[in-house]
Amino acid sequence: MNKEGRLKAEAEVVGNARINKSQECSHEGICLFFSFDIVNSTMYKSRERNWIIVIETLLNMIKDSVIGENGDPEIPDVRLWRTLGDEIVFVVDVNSIIELESYVESIGTITRMIEKKLSKGSFLDELQGQHTNSIKFSIQHISEYLSVKSTAWITIINGDSERATEYNDTVKFEYQSTKKDGESPIEYLGQDMDMGFRLKNYTRQGRLVISSDIAYILSKREKHSKYLHVLGYEKLKGIWDDKEYPIIWYDKGISDSSNIGDSFKYHNIIKDKFLKKYIESINNNNGVSVQGLPIDKYYTNAVSALDKVYSDRNLKKRIERIKSILENNNSKEIRNLLPKDSKLELHCAVVCVDVEKMKVMIIHRKTRKDNAVWEFGCAKAKNSETLVETVEKYYKDNYGVEIKLCLNNSRSEKQPRPLAIYEIDKGEHKAKGLILVARIVKQEAFQENRGHDDRIFVSRNEISNYSGESVVDFENTLVEVLDNPGRYFIEKR
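This text gives an overview of the structure that appears in the document. Note that the structure is predicted; figures quoted are calculated from it, not measured.

Scanning the chain for helices and strands turns up 18 helices and 17 strands. Across the 493 residues of the chain, 47% fall into the buried class. If you take every contact in the chain between residues at least 6 apart in sequence, the share linking residues at least 24 apart comes to 70%. Carbon and sulfur atoms make up 46% of the accessible area of the chain, which amounts to about 25800 Å² in all.

What follows is about the packing of aromatic side chains. Within this structure, the stated rule accounts for 18 aromatic pairs. For the ring pair W240 and Y310, a centre distance of 6.5 Å and an interplane angle of 80 degrees mean the geometry is edge-to-face. Residue W240 is located in the loop between strand 8 (228–235) and strand 9 (244–250), and its partner Y310 is located in helix 14 (residues 302–312); the two are separated by 70 residues in the primary sequence. We classify W240 as buried; its relative accessible area is 14%. A relative accessible area of 0% places Y310 in the buried class.

So, about empty space enclosed by the protein. Tallied over the entire structure, the rule returns two cavities of 30 Å³ or more. By volume, the second largest cavity is sized at about 30 Å³. In terms of lining residues, the second largest cavity is bounded by G108, T111, R112, G206, R207, L208, Y250 and D251. In terms of residue count, helix 4 (residues 97–120) provides more of the lining of the second largest cavity than any other element does, three residues in total. When the residues that make up the lining of the second largest cavity are grouped by side-chain class, the tally is two nonpolar, three polar and three charged.

Looking at soluble globular proteins, one finds that nonpolar side chains tend to be buried together. Formed by 88 residues in total, the largest nonpolar core has its most connected members in L32, F34 and I210. Of the residues forming this core, the biggest block, nine residues, is contributed by helix 4. With 20 residues, the next largest nonpolar core counts I362, V373, C406 and V437 among its residues.

Another aspect to go through is the sheet that holds strand 8. Pairing is mixed in the open sheet, where seven strands are placed in the order 2-3-1-4-7-9-8. Pairing within the sheet leaves two strands with one partner each, and these edge strands are strand 2 (79–84) and strand 8. Averaged over neighbouring strand pairs, the angle between their axes works out to 25 degrees when direction is ignored. Judged from the five bridges that link them, strand 2 and strand 3 (residues 87–94) form a sheet pairing that is antiparallel. Looking across to strand 3, one finds that L84 is bridged to E87. The strands touched by helix 4 are strand 1 (29–39), strand 3, strand 4 (147–157), strand 7 (208–210) and strand 9; relative to strand 4, the strand with the most contacts, the crossing angle is about 165 degrees. Packed onto the sheet, helix 14 meets strand 8 and strand 9 and runs at close to 40 degrees relative to strand 8.

On to the side chain of S147, then. Here S147 shows up in strand 4. Apart from the residues within four sequence positions on either side, S147 is in contact with D37, I38, V39, E115, L118 and Q205.

Extensive coverage of strand 9 is indicated by the burial of six of its seven residues. Sheet topology places strand 7 next to strand 9; three bridges connect them, and they run antiparallel. When the bridges of strand 9 are listed, L208 appears paired with Y250.

Following both chains from N to C, one finds helix 9 (residues 212–219) and helix 14 inclined at 120 degrees, their axes separated by 10 Å at the closest point. By the angle between their axes, helix 9 is oblique relative to helix 14. Once helix 9 is placed against helix 14, the crossing between them reads as left-handed. Where helix 9 approaches helix 14, its residues S212, D213, A215, Y216 and S219 are matched on the opposing element by V303, L306, D307 and Y310. A per-class count over the contact of helix 9 with helix 14 returns five nonpolar, two polar and two charged.

Residue D241 is not a glycine yet carries a positive backbone phi of 55 degrees. Among the structural elements, D241 can be located in the loop between strand 8 and strand 9. You will see that D473, though not glycine, has its phi angle at about 60 degrees, which is positive. Tracing the chain through its elements places D473 in the loop between strand 17 (452–458) and helix 17 (474–482). Overall, the relative accessible area of 46% leaves D473 in the partly exposed class.

Taken as a whole and judged by the stated rule, the model has 20 salt bridges. The salt bridge partner of R221 is E101, with a shortest N-O separation of 2.8 Å. Residue R221 is found in the loop between helix 9 and helix 10 (222–225), and its partner E101 is found in helix 4; the two are separated by 120 residues along the sequence. Since its relative accessible area comes to 31%, R221 is described here as partly exposed. A salt bridge links E105 to K252, with the shortest nitrogen-to-oxygen separation between them at 2.5 Å. Highlighted residues: E105 in helix 4 and K252 in the loop between strand 9 and helix 11 (266–271), separated in sequence by 147 residues. Owing to a relative accessible area of 17%, E105 belongs among the buried residues under this scheme. In this structure K252 comes out as partly exposed when scored by relative accessible area, which is 30%. The network of salt bridges with common partners includes E28, D169 and R321.

What counts, and at which threshold
- Residues numbered from 1 in each chain as written.
- Predicted model: local features only at pLDDT ≥ 70, side-chain atom pairs only at ≥ 80, totals over all residues.
- Heavy atoms only, no water.
- Helix = DSSP H or I, 4+ residues; strand = E, 2+ residues; numbered from the N terminus.
- Buried < 20%, exposed > 50% of the residue type's maximum accessible area, 1.4 Å probe, protein only.
- Contact = heavy atoms within 4.5 Å.
- Areas by Shrake-Rupley, 256 points an atom, 1.4 Å probe, with all protein chains shown as cover.
- Phe/Tyr/Trp six-rings, centres within 6.5 Å; stacked < 30°, edge-to-face > 60°.
- 1 Å grid on protein atoms, 1.4 Å probe; cavity = no way out; pocket = protein on both sides within 12 Å on 5 of 7 lines; lining within 4 Å.
- Points joined across faces, edges and corners; volume = space filled by probe spheres on them.
- Nonpolar A, V, L, I, M, F, W, Y, C, P; charged D, E, K, R; others polar.
- Core = buried A, V, L, I, M, F, W, Y, C linked by side-chain atoms within 4.5 Å.
- Pairing = 2+ DSSP bridges.
- Axes fitted to C-alpha atoms, helices over the stretch in contact; angles between N-to-C directions.
- Parallel < 35°, antiparallel > 145°, perpendicular 65-115°, else oblique.
- Left-handed = near helix turned anticlockwise from the far one by under 90°.
- Salt bridge = Lys/Arg side-chain N within 4 Å of Asp/Glu carboxyl O.

So this is what it looks like as structure tokens:
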């Protein structure tokens with residue numbers, strides 16, 4: 001398509017967005033976009049016969065890590081926007097600077113966690129555990145070729161197309177679905193979106209690159225400013241009038257930017273022009289780097305560099321506008337930028353009982369939620385699996401117990417018999433939950449995860465010792481099960 005044809009097509013898209021006013025968001029707001037990209041996937045595919053299983057598992061691991069464990073989202077209200085080959089992109093409303101800080105920190109943590117699993121081999125252990133039917137995978141191929149990298153950027157979403165054009169904001173709209181009851185695809189148009197997808201070319205394995213807006217905001221927060229590393233300045237086509245854009249990585253694992261090179265394999269630095277240029281730039285001569293940039297705080301220190309860049313480009317007004325929108329939306333508790341998901345969110349908490357010892361498993365949360373630190377664990381139902389399969393597999397993988405759910409055997413379709421139903425208030429919606437009962441078949445070693453750091457087994461007489469710091473109806477639930485074992489564990493003849 002020639003330039004004239006492309007411009008005409010873009011005009012039609014924007015025109016449709018303006019026509020469909022009812023589909024636009026009703027106010028200004030801030031959205032955080034972030035993507036995870038699988039590195040070297042093409043090369044890996046040429047060496048691994050069962051690559052499709054590996055890539056699918058890795059993408060699902062990324063998705064599950066973002067959504068979070070045990071029904072508690074790592075990034076609340078996050079939405080999977082789209083997948084582009086080996087890249088997966090998420091979007092979430094941001095209603096305060098504190099939220100932005102938390103989300104960026106979580107993205108960085110997830111990136112490092114998955115990268116470590118790939119390089120150290122634990123990803124292969126999890127993969128092999130899921131596919132024990134003689135399918136073998138090469139740990140050398142996984143650790144040598146595969147890695148993940150991430151990118152994050154924010155944009156102002158404007159509900160008024162004409163006003164959005166005036167401020168260079170992003171317009172969100174829905175395509176009309178071709179199916180009567182189908183979900184309409186969501187699209188976002190704007191320079192920030194172009195910038196985000198161009199910026200991702202400058203992140204690397206295990207690294208998170210962030211937009212200059214995010215970096216500027218975090219540079220004013222003492223907790224995060226030390227984790228900002230200036231890798232250089234690059235031209236992003238069509239962005240900032242083709243003036244150099246600061247490339248900044250957010251990495252809590254590196255205290256000094258000059259040590260970044262130590263975290264990469266030698267051959268990656270040799271063949272990577274971007275990394276090589278950075279390593280060379282820190283080996284300066286008479287205060288001038290190999291790149292020709294002065295070894296000066298305005299170019300190397302993130303706080304000073306961003307102050308100068310935003311002052312020179314007159315962008316501080318943009319930051320003030322972003323802050324104003326966040327403060328306004330946070331005070332009004334507005335969370336309607338993203339389309340509401342009508343699908344039911346179902347959580348399954350399980351009372352797992354060692355029937356021989358008549359003890360029940362309880363799990364200790366790392367962080368206090370309301371007054372609760374002790375609970376039963378929780379699995380979230382999946383559309384692609386049966387409920388029994390999802391729950392039993394989740395409890396084995398995450399809590400180290402092989403269980404058999406207590407089913408309603410009086411019905412032809414054998415499904416778990418709920419002990420109780422509960423709801424989780426998530427502000428904009430209420431997730432639904434079931435409390436189920438299961439027999440522990442086998443206990444394995446407990447491995448600490450992001451959500452929980454301990455697992456113990458308590459008897460009937462010990463329950464009250466933990467009920468003061470536990471989920472709602474903790475004691476009532478356990479007493480109901482342990483005082484009526486015949487109802488759950490002795491089959492009727």
